[in-house]
Amino acid sequence: MFLKYLKNYLIWTNNNSKWEHLLKHHSHLKQQILNILILYGLIFIKSILDLYHFCFLKLRASICLLRGKVAEVLGSLQQAMKFYEEALRFDVFCAEAYEKLIKKHMFTPEEEQRLVERMVIEKQCDSDTAAVVRCLYEQEVHQYMKPIIVNLPSFTIGSLNDNADYCINIAEKFYYNYKFRESFDLCKKVLTHNPFHQHGLFIYIALLYEMKDKTELFSLGHRLARQCPENPISWLAVGCYYLVTKKPEPTRRYLAKATSLCRSFGPAWLALGHSYGLESEHDHAISAYFTAADVMRGCHLPILYVGLEYSLTNNLRLAERLYSESLKFYPDDPAVLHELGVINYLNREYHHALLFFQRALLKVEAIDQVDLLPYWEPLFNNMGHACRKLKKYDDAIIHFKKCLGLTPRNPQTLIAIGFVHALQGNYGQAIEYLHQGLWLSPASSFAQTLLNKCFNMTQTKTYVEQLPEPPNDLNEYLSVRQNSTITETDINPVTVPSSALEESDQGGSSMITT
């Protein structure tokens, strides 16, 4: 086009006598006009080339994103990761490829950090935009270890307050920090305006499971299954409803449908493992968790749950190795620290167990939310028993009384307090607590035996240092796995601690309680 205009200009100047007469008196004018035309022509050509280059990169990024999706559906996760990374290399604004890598935990935390560092954001946009994009990308890596406060540039704060993706990211951070109420409010706000926000639905389903809201889970699962039956998250919601109601068979049926729609759907594999755990089918549960670990390389939860299953089968050494591996992903997770304490307790290393429990307690106390505290009742309970084993009886009673503050009518805690008082020789107080425990749990043979012994002590006014040891089956929730926590990176992960209430030196199983 520019050459056409230049040709017309030359023809016009050659055929126009007036123009020729003008140039004879102003010879420099012709050269200036030519220079201006050439300059504008070069600018025009450069803009055309830039537009072509921009469109070419966008097209390449879109093709790589599509190829990644196809590879993911076919089960080739390594190829999918490669294509998603290429899509980001061609276009740093390809947020869908970035979310596939981060939200589905395809990368380990170290690989996530290297991915953000390699992105050449500044070369594809201006400095202000690059600062915002880099900040938004960085806040999504290492979700377990990131603070809730996001230090975004000041000029973007107002515009992002109503952004659905930004609000869901903040809700996810609340969820990882066990602030369920704040997370629920943000999810509800987003889903009111966008009821099919994919990642928002993941967080919302996990929160409903944590709160055991059967009615809302049933309503949500029914609506999603009717409106989008080809989306695996619909059947995940249905499966979670049956998991809350403790019906393993329909749970597995609907979760199997979710995994058949997308084999790399990690949340469904985690939930499937929990459903097997309800019936103590440890081998099937471990298989499901290992599949989840394959598709979620950057998430510590599948490894943690495999460790829980091994601890339930009394394979403590392997369970400890898996807990330590899980701790590498999330060094400050109080649930993992608690489980390591349980393993040390069962190995009769009570001092190390107490250190792990104390580290977990420091993390739990940093969580400023009263509603969450009942989730951590087993932690205080186990600290009490570790102190009892170390003959720190006063500390043990303090921890057991904290348990009573969280679950006031727990007969096992009352019996444990009575047992510690009996060990101290305070038989009157021991009798009082044992009476309360027996009133709530009349079938406890150990409590009855200990109560009779305490009566004999008070009548003879003597102190017998050797009290009867309770049987292994004293505590019903010692050997029965009551509940599992349905979490994930996309259902986002909250692990509730297991209980290792041990009244004897024989050891026992750990369990997950909510």
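Just above sits the structure.
Keep in mind that what you see is a predicted model, and the values were worked out from it rather than measured. (Residues numbered from 1 in each chain as written. Predicted model: local features only at pLDDT ≥ 70, side-chain atom pairs only at ≥ 80, totals over all residues. Heavy atoms only, no water.)

### Quick look at the overall build of the chain
Keep this limit in mind: The helix and strand labels rest on DSSP assignments: H or I over at least four residues marks a helix, E over at least two residues marks a strand, and numbering proceeds from the N terminus. Summary of the burial criterion: residues with accessible area below 20% of their type's maximum are buried, those above 50% are exposed, and those between are partly exposed, where the area comes from a 1.4 Å probe applied to protein chains only. By definition in these notes, contact holds between two residues if any of their heavy atoms fall within 4.5 Å. Each accessible area value is a Shrake-Rupley result obtained with a 1.4 Å probe; residue values ignore everything except the protein chains displayed when judging cover.
From N to C terminus, the chain includes 26 helices and two strands. Out of the 514 residues in the chain, the part that is buried amounts to 54%. Partitioning the intrachain contacts of the chain with sequence separation of at least 6 by distance along the chain shows that 62% fall at a separation of at least 24. Of the roughly 24400 Å² of accessible surface on the chain, 56% is carried by carbon and sulfur atoms.

### Here's the deal with the layout of surface pockets
As a reminder of what qualifies: Only protein atoms enter the calculation, which uses a 1 Å grid: trapped sets of points that fit a 1.4 Å probe without letting it out are cavities, open sets showing protein on both sides within 12 Å along at least five of seven lines are pockets, and any residue with an atom within 4 Å of a point is a lining residue. Grid points are joined across faces, edges and corners, and a volume is the space filled by probe spheres set on the points. Side-chain classes follow a simple rule in which Ala, Val, Leu, Ile, Met, Phe, Trp, Tyr, Cys and Pro form the nonpolar group, Asp, Glu, Lys and Arg form the charged group, and the remainder, Gly included, forms the polar group.
The space that makes up the largest pocket amounts to roughly 430 Å³. Sorting the residues of the lining of the largest pocket by element identifies helix H5 (95–103), helix H9 (164–176), helix H11 (198–210) and helix H15 (266–278) as the ones contributing at least two each. Top element by residues in the lining of the largest pocket is H5. It accounts for four residues. Residue composition of the lining of the largest pocket, grouped by class: six nonpolar, seven polar and seven charged.

### Looking at helix H20 (residues 350–365)
An α-helical turn contains 3.6 residues, so any two residues separated by three or four positions project in the same direction. Selection criterion: Helix span is expected to be 1.5 Å times the residue number reduced by one. Regarding the arc, it is the one traced by the directions from the helix axis to the C-beta atoms.
Taking 1.5 Å per residue as the helical rise, H20 with its 16 residues ought to reach 22 Å, and the 22 Å between its terminal C-alpha atoms agrees with that figure. Among all positions in H20, only Tyr 350, Ala 353, Leu 354, Phe 357, Ala 360, Leu 361 and Val 364 are buried. One face of H20 carries all of its buried residues, which in axial projection span an arc of 125°.

### Some thoughts on unusual backbone geometry
In the Ramachandran plot, Arg 348 falls in the positive-phi region, its phi being about 65° despite a non-glycine side chain. Its location among the elements puts Arg 348 in the loop between helix H19 (334–346) and H20. Backbone geometry at Lys 391 places phi at a positive 65°, although glycine is not the residue there. Within the secondary structure, Lys 391 is located in the loop between helix H21 (377–389) and helix H22 (393–406).

### A word on a nonpolar patch on the surface
Here is the rule: Here the term patch refers to residues with relative accessible area over 30% and no salt bridge, with like charges joined within 9 Å and nonpolar side chains (Val, Leu, Ile, Met, Phe, Trp, Tyr) within 5 Å. By definition, a salt bridge exists where a carboxyl oxygen of Asp or Glu is found within 4 Å of a side-chain nitrogen of Lys or Arg.
On the surface, a nonpolar cluster with roughly 330 Å² of combined accessible area is contributed by Leu 66, Val 70 and Leu 74. Summarising the element assignment, Val 70 is placed in helix H3 (residues 27–73). Under the relative-accessibility criterion, Val 70 is labelled partly exposed at 45%.

### Details of the packing of H19 against H21
The line we're drawing: Structural elements are reduced to axes, namely lines fitted to C-alpha atoms, with helices fitted over the stretch in contact, and the angle between N-to-C directions of any two is expressed from 0 to 180 degrees. Orientation is classified from the angle alone, with under 35 degrees giving roughly parallel, over 145 giving roughly antiparallel, 65 to 115 giving roughly perpendicular, and any other angle giving oblique. Handedness of a helix crossing follows the sense of rotation of the near helix relative to the far helix, less than a right angle counterclockwise being left-handed and clockwise being right-handed.
Direction vectors running N to C along H19 and H21 enclose 30°, while the axes themselves pass 11 Å from each other. Accordingly, the angle class assigned to the pair H19 and H21 is roughly parallel. For H19 against H21, the interelement crossing comes out left-handed. Note on element contacts: H21 touches H19 through Pro 378, Leu 379, Asn 382, His 385, Ala 386, Arg 388 and Lys 389, opposite His 338, Val 342 and Tyr 345. Split by residue class, the contact of H19 with H21 holds five nonpolar, three polar and two charged.

### Some thoughts on the packing of helix H23 (residues 411–424) against helix H25 (residues 445–460)
Two numbers describe how H23 lies on H25: the axes approach to 11 Å, and their chain directions differ by 30°. The angle between H23 and H25 falls in the class roughly parallel. Regarding H23 and H25, the two cross each other, and that crossing is left-handed. Across the interface between the two elements, Ile 415, Phe 419 and Ala 422 of H23 pack against Phe 446, Ala 447, Leu 450 and Cys 454 of H25. Classifying every residue of the contact of H23 with H25 by side-chain character gives seven nonpolar, no polar and no charged.

### Here we look at the environment of Gly 437
As for its position among the elements, Gly 437 is in helix H24 (residues 427–440). Classification of Gly 437 as buried rests on a relative accessible area of 0%. Spatially, the C-alpha atoms of Gly 437 and Leu 414 are 5.2 Å apart, while their sequence positions differ by 23 residues. Aside from chain neighbours lying at most four places away, what touches Gly 437 is Pro 411, Leu 414 and Ile 415.

### Some details on the nonpolar core
Our working definition: What is meant by a nonpolar core is a set of buried Ala, Val, Leu, Ile, Met, Phe, Trp, Tyr and Cys residues, joined one to another through side-chain atoms within 4.5 Å.
Ranked by size, the top nonpolar core spans 147 residues in total, and within it Leu 88, Tyr 98, Leu 101, Ile 121, Leu 236, Phe 265 and Cys 454 carry the most contacts. If you tally residues by element for this core, the top one is helix H13 (residues 232–244), at ten residues. Contact partners of Cys 454, with chain neighbours within four places excluded, come to Ala 422, Tyr 427, Ala 430, Ile 431 and Leu 434.

### Notes on the packing of aromatic side chains
The line we're drawing: The rule is short: rings of Phe, Tyr and Trp, with Trp giving its six-membered ring, pair when the centres are within 6.5 Å, and they are stacked under 30 degrees, edge-to-face over 60, tilted in between. Criterion for a charge above a ring: Arg CZ or Lys NZ at most 6 Å from the ring centre, at most 35 degrees from the ring normal.
One pass over the structure, following the stated rule, counts eleven aromatic pairs. Aromatic side chains Tyr 175 and Phe 180 sit 5.6 Å apart centroid to centroid with 40° between the ring planes, which places their arrangement in the tilted category. Take Tyr 175: its relative accessible area is 0%, and that puts it in the buried class. Accessibility expressed as a relative area gives 6% for Phe 180, which makes it buried. Ring centres of Phe 202 and Phe 265 lie 5.7 Å apart, and the angle between their planes is 40°; this geometry places the pair in the tilted category. Within this pair, whereas Phe 202 is found in helix H11, its partner Phe 265 is found in the loop between helix H14 (248–261) and H15, the two being separated by 63 residues in sequence. Given a relative accessible area of 5%, Phe 265 falls into the buried group. The positively charged end of Arg 223 is found above the aromatic ring belonging to Phe 196, 5.9 Å away from the centroid. Sitting over the ring of Tyr 254, Arg 253 keeps its end group 5.2 Å from the ring centre.

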